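Given next are the chains, with one letter for each unit.
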Amino acid sequence: MAELVEEAHAVPGVVFVLSAILERVAERNDAAGRPVSQRHLASAFRGLARPAISVRGYLERIFRYAGCSPACYVVAYIYLDRFARRHPAVSFDSLNVHRFLITSVITAVKFMDDIYYNNAYFAKVGGISLMEMNYLEIDFLFSIGFELNVTPAIFSSYCSILQRELYLQSPPPPPPSTNLHCCLTEDESSSCQQKQVAVQLIFLGT
């Protein structure tokens, strides 16, 4: 198996804010103490014990080694939200949130990026076996009904959510010189707009 390749870039704001959201959700659901049946839909994602690494540390590890474009983290958040909307009985908690994260990111990178690492590499990054990584990916795809497409308008709306959360986590920086979402129109190239907005989100986090 190939050795992990570490990215030299600084961790962007989107990683910080996404991890903060998921940590808050997991802590809230842990406190609620909702029981999970072994036959429950989310049981495949549920670990036997809480991982030693924090959600933020785990997502930063994914960023350092997976080489995903920034837009992938926004799209991963969209996929997680689609999962939650389709399956409201499922709770993201400390026993499953890490597996949901690595699975949503690998799903997003395959949809968004032209070049990406294979499942064996992602499994090593995520600290799970290749067999488990393959199974989780398939399970996740069926769970969201293979609803992978993200329009520029949807991408923009989720960037706005993450941006507002980022403002709550730290003092707001000076406003950018141009409208953050001005390029997002349906008749423009979706790939271009998505990556431009994601880059703006990175700047807001620095």
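What you are looking at is a predicted structure, and each value in this text was computed from that prediction instead of being measured.

Visitor: Report on the overall build of the protein chain, specifying residues and quantitative values.
Guide: For the protein chain, the helix and strand inventory stands at eight helices and zero strands. Mapped in sequence order, the helices and strands of the protein chain form the string α-α-α-α-α-α-α-α. When each of the 206 residues of the protein chain is scored for burial, the buried share is 49%. The contacts of the protein chain with a sequence gap of at least 6 include a subset with a gap of at least 24, amounting to 84%. For the protein chain, the accessible surface area stands at approximately 10300 Å², while carbon and sulfur atoms represent 57% of it.

Visitor: So what's going on with the packing of helix α3 (residues 71-86) against helix α7 (residues 152-169)? Residues and values would help.
Guide: Relative orientation and spacing of two packed helices are given, respectively, by the angle between their axes and the distance between those axes. Where α3 meets α7, the axes come as close as 10 Å, and the angle between the chain directions of the two elements is 95°. When the axis of α3 is compared with that of α7, the two are roughly perpendicular. Contact residues: Ala71, Val74, Val75, Tyr77, Ile78, Asp81, Arg82 and Arg85 in α3; Ile154, Phe155, Tyr158, Cys159, Ile161 and Leu162 in α7. Looking at the contact of α3 with α7, its residues break down into 11 nonpolar, no polar and three charged.

Visitor: Could you give an account of the side chain of Arg82, with specific residues and numbers?
Guide: The topology assignment puts Arg82 in helix α3. For Arg82, a relative accessible area of 9% translates into the label buried. Of the polar contacts made by the side chain of Arg82, one reaches the backbone oxygen of Asn149; its length is 2.9 Å.

Visitor: Which residues make up a nonpolar patch on the surface, and what values do they have?
Guide: Together, Ile138, Phe142 and Phe146 make up an exposed nonpolar region whose accessible area comes to about 340 Å². If you trace the backbone, Phe142 turns up in helix α6 (residues 130-143).

Visitor: Explain the pattern of salt bridges residue by residue, including any values.
Guide: Should the charged atoms of two oppositely charged side chains come close, the side chains can pair. Counted according to the given criterion, the structure contains eight salt bridges. Here Glu60 and Arg56 are joined by a salt bridge, their closest N and O atoms 3.0 Å apart. Of this pair, Glu60 and Arg56 both sit in helix α2 (residues 55-66), four residues apart, which is roughly one turn of that helix. Given the relative accessible area of 19%, Glu60 is considered buried.

Visitor: Outline the nonpolar core, supporting the account with residue identities and numerical values.
Guide: Counting 56 residues, the largest nonpolar core has Ile62, Tyr73 and Phe122 as the members making the most contacts within it. When residues of this core are traced back to their parent elements, those giving at least two are α1 (13-32), α2, α3, α4 (97-112), α5 (119-126), α6 and α7. It is α3 that provides the largest number of residues to this core, a total of 11 residues. Those residues within four positions of Tyr73 in sequence are excluded, and the remaining contacts are Val14, Val15, Leu18, Leu59, Ile62, Phe63, Cys68 and Val105.

Visitor: Give a detailed account of the packing of aromatic side chains, specifying residues and quantitative values.
Guide: Across all of its chains, the model carries 11 aromatic pairs by this definition. On the numbers, 4.9 Å between centres and 65° between planes, the contact of Phe83 with Phe100 is edge-to-face. With Phe83 in helix α3 and Phe100 in helix α4, the pair connects residues that are 17 residues apart, well separated along the chain. On the basis of relative accessibility, which here comes to 1%, the residue Phe100 falls in the buried class. Pairwise contacts between aromatic rings join Phe45, Phe83, Phe92, Phe100 and Phe140 into one cluster.

Visitor: An account of the confidence of the model for the protein chain is needed here, citing residue identities and associated values.
Guide: The share of residues in the protein chain with pLDDT of 70 or more is 75%, and the mean pLDDT across the chain is 81. Within the model, the stretch residues 175-189 combines pLDDT values under 50 with 25 contacts to residues more than four positions away or in other chains. In this model, residues 202-206 is a region of pLDDT below 50 whose contacts with residues beyond four sequence positions or in other chains number 10 contacts.

Visitor: Give me α2: which residues, what numbers.
Guide: In this model α2 runs 16 Å from its N-terminal to its C-terminal C-alpha over 12 residues, within 8% of the 16 Å that 1.5 Å per residue would give. Most of α2 is tucked away: nine of the 12 residues are buried. Buried positions along α2 lie against α1, α3, α4 and α5. Looking one or two places after α2, you find Gly67, whose phi comes out positive at around 65°.

The rules we used
- Residues numbered from 1 in each chain as written.
- Predicted model: local features only at pLDDT ≥ 70, side-chain atom pairs only at ≥ 80, totals over all residues.
- Heavy atoms only, no water.
- Helix = DSSP H or I, 4+ residues; strand = E, 2+ residues; numbered from the N terminus.
- Buried < 20%, exposed > 50% of the residue type's maximum accessible area, 1.4 Å probe, protein only.
- Contact = heavy atoms within 4.5 Å.
- Areas by Shrake-Rupley, 256 points an atom, 1.4 Å probe, with all protein chains shown as cover.
- Axes fitted to C-alpha atoms, helices over the stretch in contact; angles between N-to-C directions.
- Parallel < 35°, antiparallel > 145°, perpendicular 65-115°, else oblique.
- Nonpolar A, V, L, I, M, F, W, Y, C, P; charged D, E, K, R; others polar.
- Polar contact = N/O pair within 3.5 Å; in protein donor to acceptor, adjacent residues only side chain to side chain.
- Patch = residues over 30% accessible without salt bridge, like charges linked within 9 Å, V, L, I, M, F, W, Y side chains within 5 Å.
- Salt bridge = Lys/Arg side-chain N within 4 Å of Asp/Glu carboxyl O.
- Core = buried A, V, L, I, M, F, W, Y, C linked by side-chain atoms within 4.5 Å.
- Phe/Tyr/Trp six-rings, centres within 6.5 Å; stacked < 30°, edge-to-face > 60°.
- pLDDT = per-residue confidence, 0-100.
- Expected span 1.5 Å × (residues − 1).

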